[in-house]
Amino acid sequence: MTKILLAEDDDSMRAFLAAALRRASHEVQDYADGETALAALEREVFDLLLTDIVMPGLDGIELARRGAELDPAMKIVFITGFAAVALSSGSPTPAGAKVLSKPFHLREIVEEVDKVMAA
């Protein structure tokens, strides 16, 4: 079982992702914004950070960068509908981070999490 921190500001998307990952036997803590997600990363160790890139306040790239500083072994997967724009903004992303572009099937998210954790 993988311990996942999910940061996604869209309530329905967050609920669907969390439910799919839990059905796949993963432990999921989900947060609606980068600030509360970062607070969780500061309190606990997670195997994987699954974060939207474009979020108000602390965005997913900064969340991932700070999370990687706290725990360099944590895997990171970005989910976004704006990958090309967000990732070209000049903010460095943590090494080895994966990007999954929306729209995607929930099965794809579960498969990607499994692949990332097996690597």
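See above for the structure.
Read on for a plain summary of the structure. In this text the structure is predicted, and so the values were computed from the model without any measurement.

Rules used throughout
- Residues numbered from 1 in each chain as written.
- Predicted model: local features only at pLDDT ≥ 70, side-chain atom pairs only at ≥ 80, totals over all residues.
- Heavy atoms only, no water.
- Helix = DSSP H or I, 4+ residues; strand = E, 2+ residues; numbered from the N terminus.
- Contact = heavy atoms within 4.5 Å.
- Areas by Shrake-Rupley, 256 points an atom, 1.4 Å probe, with all protein chains shown as cover.
- Axes fitted to C-alpha atoms, helices over the stretch in contact; angles between N-to-C directions.
- Parallel < 35°, antiparallel > 145°, perpendicular 65-115°, else oblique.
- Nonpolar A, V, L, I, M, F, W, Y, C, P; charged D, E, K, R; others polar.
- Phe/Tyr/Trp six-rings, centres within 6.5 Å; stacked < 30°, edge-to-face > 60°.
- Lys NZ or Arg CZ within 6 Å of the ring centre and 35° of its normal.
- Left-handed = near helix turned anticlockwise from the far one by under 90°.
- Buried < 20%, exposed > 50% of the residue type's maximum accessible area, 1.4 Å probe, protein only.
- Arc of directions from axis to C-beta.
- Polar contact = N/O pair within 3.5 Å; in protein donor to acceptor, adjacent residues only side chain to side chain.
- Salt bridge = Lys/Arg side-chain N within 4 Å of Asp/Glu carboxyl O.

Some details on the overall build of the protein
Right, on to step 1. In terms of regular secondary structure, the protein is built from five helices and five strands.
Right, on to step 2. Seen in sequence order, the protein has helices and strands lined up from the N terminus as β-α-β-α-β-α-β-α-β-α.
Right, on to step 3. In the protein, 62% of the contacts between residues at least 6 apart in sequence involve partners at least 24 apart.
Right, on to step 4. Looking at the protein as shown, the accessible area adds up to about 6,000 Å², and 54% of this sits on carbon and sulfur atoms.

Things to note about the packing of helix α2 (residues 34-43) against helix α3 (residues 60-70)
Right, on to step 1. Running from N to C, α2 and α3 point in directions that differ by 5°, and their axes come no closer than 10 Å. Taken together, the axes of α2 and α3 lie roughly parallel to each other. In contact with G34, A37, L38, L41 and E42 of α2, α3 contributes L63, R66, G67 and L70.
Right, on to step 2. For the contact of α2 with α3, a count of residues per class yields five nonpolar, two polar and two charged.

Topic: the packing of aromatic side chains
Centre distance and the angle of the planes are the two values used to describe a pair of aromatic rings.
Right, on to step 1. Taken as a whole and assessed by the stated rule, the structure comprises zero aromatic pairs.
Right, on to step 2. Above the face of the F46 ring, K3 is positioned so that its terminal group lies 5.0 Å from the ring centre.

Quick look at the environment of T51
Right, on to step 1. Within the fold, T51 resides in strand β3 (residues 48-52).
Right, on to step 2. Measuring from C-alpha to C-alpha, the distance between T51 and A64 comes to 7.8 Å, with 13 residues separating the pair along the chain.
Right, on to step 3. The residues contacting T51, other than those within four sequence positions of it, are A7, G60, L63, V77, F78 and I79.

Thoughts on the environment of G60
Right, on to step 1. Along the chain, G60 falls in helix α3.
Right, on to step 2. Residues G60 and A37 lie 23 residues apart in sequence; the distance between their C-alpha atoms is 9.7 Å.

Section: the packing of helix α1 (residues 11-23) against helix α5 (residues 106-118)
Two quantities define a packed helix pair, namely the angle between the helix axes and the distance between the axes.
Right, on to step 1. In contact at an axis separation of 10 Å, α1 and α5 are set at 55° when each is read in the N-to-C sense. Put simply, α1 runs oblique to α5. For the pair α1 and α5, the crossing hand works out as right-handed. The segment α1 lies against α5, with F16, L17, A20, L21 and R23 engaging L106, I109, V110 and V113.
Right, on to step 2. Class assignment of the residues belonging to the contact of α1 with α5 gives a composition of eight nonpolar, no polar and one charged.

Observations concerning α2
Count 3.6 residues to each turn of an α-helix, and residues three or four apart come out pointing the same way.
Right, on to step 1. Taken together, the buried positions of α2 are occupied by G34, A37, L38, A40 and L41. Taken around the axis of α2, the buried residues stretch over an arc of 160°, which confines them to a single face. The outward face of α2, more than 90 degrees from its buried face, is lined by the exposed residues E42 and R43.
Right, on to step 2. Turning to α2, the residues buried within the fold contact β1 (3-7), β2 (27-31), β3 and α3.
Right, on to step 3. A distance of 3.1 Å separates the backbone nitrogen of E35 from a side-chain oxygen at the start of α2, and that oxygen is part of D33.

Remarks on the pattern of salt bridges
Right, on to step 1. Applying the stated criterion to the full structure yields eight salt bridges.
Right, on to step 2. With a closest N to O distance of 2.5 Å, R65 and E69 form a salt bridge. Of this pair, R65 and E69 both sit in helix α3, separated by four residues, roughly a single helical turn.
Right, on to step 3. Close ionic contact of R107 with E111 constitutes a salt bridge, the shortest N to O distance being 3.6 Å. With R107 and E111 both in helix α5 and four residues apart, this pair spans about one turn of that helix.
Right, on to step 4. Note on R107: relative accessible area 49%, which makes it partly exposed.
Right, on to step 5. The network of salt bridges with common partners includes D11, R14, R22 and D30.

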